[in-house]
Amino acid sequence: MASPMRSLLTDPARYLQSFRLFLANSTEHQCMQEFMERQLPAVISSIGNGKSTINVLSIGGGAGEIDLQILSKVQARYPGVTINNDVVEPSADQIFKYKERVAETSNLENVKFTWHEESAYEYESRMNAEKKTKKWNFIHMIQMLYYVKDVPATIRYFHSLLDAQAKLLIIVVSEASGWETLWKKFGSSLPLDDLCSYVSSAGIKRILDSAGLKYQFHELPSHMDITSCFIEGNKDGELLLDFLTETREFSKTAPPELKHQVMEELRKPECSEKRDGKVLFNNNLSVIVIEP
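Analysis parameters
- Residues numbered from 1 in each chain as written.
- Predicted model: local features only at pLDDT ≥ 70, side-chain atom pairs only at ≥ 80, totals over all residues.
- Heavy atoms only, no water.
- Pairing = 2+ DSSP bridges.
- Helix = DSSP H or I, 4+ residues; strand = E, 2+ residues; numbered from the N terminus.
- Axes fitted to C-alpha atoms, helices over the stretch in contact; angles between N-to-C directions.
- Contact = heavy atoms within 4.5 Å.
- UniProt positions renumbered as here; feature names shortened; annotations may be inferred.
- Polar contact = N/O pair within 3.5 Å; in protein donor to acceptor, adjacent residues only side chain to side chain.
- Salt bridge = Lys/Arg side-chain N within 4 Å of Asp/Glu carboxyl O.
- Buried < 20%, exposed > 50% of the residue type's maximum accessible area, 1.4 Å probe, protein only.
- Core = buried A, V, L, I, M, F, W, Y, C linked by side-chain atoms within 4.5 Å.
- Parallel < 35°, antiparallel > 145°, perpendicular 65-115°, else oblique.
- Phe/Tyr/Trp six-rings, centres within 6.5 Å; stacked < 30°, edge-to-face > 60°.
- Lys NZ or Arg CZ within 6 Å of the ring centre and 35° of its normal.

(A) Seen up close, the sheet that holds strand β2 (residues 53-59). The strand order across the open sheet built from 7 strands is β4-β3-β2-β5-β6-β12-β7, with neighbouring strands paired in mixed fashion. Looking at the sheet topology across the chains shown, the edges are occupied by β4 (111-116) and β7 (215-220). Each strand axis lies, on average, 15° off the axis of its neighbour in the sheet, ignoring direction. Examined bridge by bridge, strand β6 (residues 162-173) and strand β12 (residues 285-290) share 6 bridges and lie antiparallel to one another. From the neighbouring strand, Leu-169 faces β12, where its bridge partner is Val-289. The strands touched by helix α7 (residues 151-159) are β2, β5 (136-142), β6 and β12; relative to β6, the strand with the most contacts, the crossing angle is about 150°.

Okay, structure coming up:
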């Protein structure tokens, strides 16, 4: 009998709902913001040397929270320099939120925004069709490599667009996170199809090493409060479970045995820690900065 489990990405509205709840329940953005505040200035310290214009490419820029912080750091390092910020983002809803955020943000006079409502693959195909090979001074791919069909080819393509002093910044879940434990154990039982694949820092390192690319590595501690997942019938808990398993309505559609095993796994120290009566899932991230 065919499994009734469906990938969460077949329901974009529910995916966004669960993603926003994940952000609200986790320190995902806080730990990234801390990295951008403390470490990014050193990463971008020479990307615009001698340039009158700095080209920044955001792949999967979402609603722009992190993008705008990155841009503020580029502006601080290169005051008054024109910045072209191109955003590749397949969700119209996220682009709308991004535009709203830009409209509410001051000091963006020298930044020119261009939004492309398309996936990384669609962008690459269009650039190839138009025979365009624009070079970029900074490219970032934050938490988006799970949604590309061919991770090595995607990294190769965007790396090929780097200018001489440029950097490519990737953020994915850490191999030392609960995601790694959960997905290694249950990935084959979950409805990933071709919309989504599991990749962590371990996989990215292997790709970069085999391509002979130079990179620096930073670990970002992060957690997500998944206490509500253990309250039967809790709507937030069900949405977070969907996000953890990338499965639409996991609580209702997963075979009972699989659901039981996933719930047990989520409680284990390899995935989570108990603190102040809460279950905190290990959401550690890795930042990988790649040289041209």
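(B) Molecular detail of the UniProt feature "binding site: substrate" (unreviewed entry) in the protein chain. On the UniProt side, "binding site: substrate" (unreviewed entry) is annotated at positions that read Glu-28 and Asn-283 here. In summary, the annotated positions, though distributed over 256 residues, converge in three dimensions, the widest C-alpha pair being only 7.4 Å. When sequence neighbours within four positions are dropped, the list of residues in contact with Glu-28 reads Phe-22, Leu-23, Gln-143, Ser-222, Asn-283 and Leu-285. Polar side-chain contacts of Glu-28 include one of 2.8 Å to the side chain of Gln-143. Topologically, Asn-283 is positioned in the loop between β11 (278-282) and β12. Setting aside its immediate chain neighbours within four residues, Asn-283 contacts Phe-22, Ser-26, Glu-28, Ser-177, Trp-179, Ser-222, His-223 and Met-224.

(C) Layout of the pattern of salt bridges. Tallied over the entire structure, the rule returns 22 salt bridges. Lys-132 serves as the salt-bridge partner of Glu-130, at 3.0 Å between the closest nitrogen and oxygen. The class of Glu-130 is partly exposed, set by a relative accessible area of 37%. Accessibility expressed as a relative area gives 44% for Lys-132, which makes it partly exposed. In this structure, Glu-180 engages Lys-184 in a salt bridge whose closest nitrogen and oxygen atoms are separated by 3.0 Å.

(D) Fine view of the nonpolar core. Counting residues in hydrophobic clusters, the biggest one holds 91 residues, and the most contacted among them are Leu-145, Phe-158, Ile-170 and Ile-204. Among the elements that make up this core, the one with the highest residue count is β6 (8 residues). The contact partners of Leu-145, leaving out residues within four places of it in the chain, are Val-151, Thr-154, Ile-155, Ile-170, Val-172, Ser-197, Val-199 and Ile-204.

(E) Structural detail: the packing of helix α1 (residues 12-25) against helix α10 (residues 235-245). Two numbers describe how α1 lies on α10: the axes approach to 9 Å, and their chain directions differ by 100°. When the interaxial angle is binned, α1 and α10 end up roughly perpendicular. Residues Arg-14, Tyr-15, Gln-17, Ser-18, Phe-19, Leu-21, Phe-22 and Asn-25 of α1 pack against Asp-236, Glu-238, Leu-239, Leu-240, Asp-242 and Phe-243 of α10.

(F) Focus on the packing of aromatic side chains. Inspection of the entire model under this criterion finds 16 aromatic pairs. Geometrically, the ring pair formed by Trp-179 and Phe-281 is edge-to-face, given 5.3 Å between the ring centres and 85° between the ring planes. One end of the pair, Trp-179, is in helix α8 (residues 178-186); the other, Phe-281, is in strand β11, and 102 residues separate them in sequence. Each member of the pair, Trp-179 as well as Phe-281, carries the same accessibility label: buried. Geometrically, the ring pair formed by Trp-183 and Tyr-198 is stacked, given 6.0 Å between the ring centres and 0° between the ring planes. With a gap of 15 residues between them, Trp-183 in helix α8 and Tyr-198 in the loop between α8 and α9 (201-210) connect regions that are remote in the sequence. Residue Trp-183 is classed as buried on the basis of its relative accessible area of 7%. Its relative accessible area of 25% is what places Tyr-198 among the partly exposed residues. Ring-pair connections join several aromatic residues into one group, and the members of that group are Tyr-15, Phe-19, Phe-22, Tyr-146, Tyr-147, Trp-179, Phe-243 and Phe-281. One residue, Lys-205, lies across the ring of Phe-217, its end atom 4.1 Å from the ring centre.

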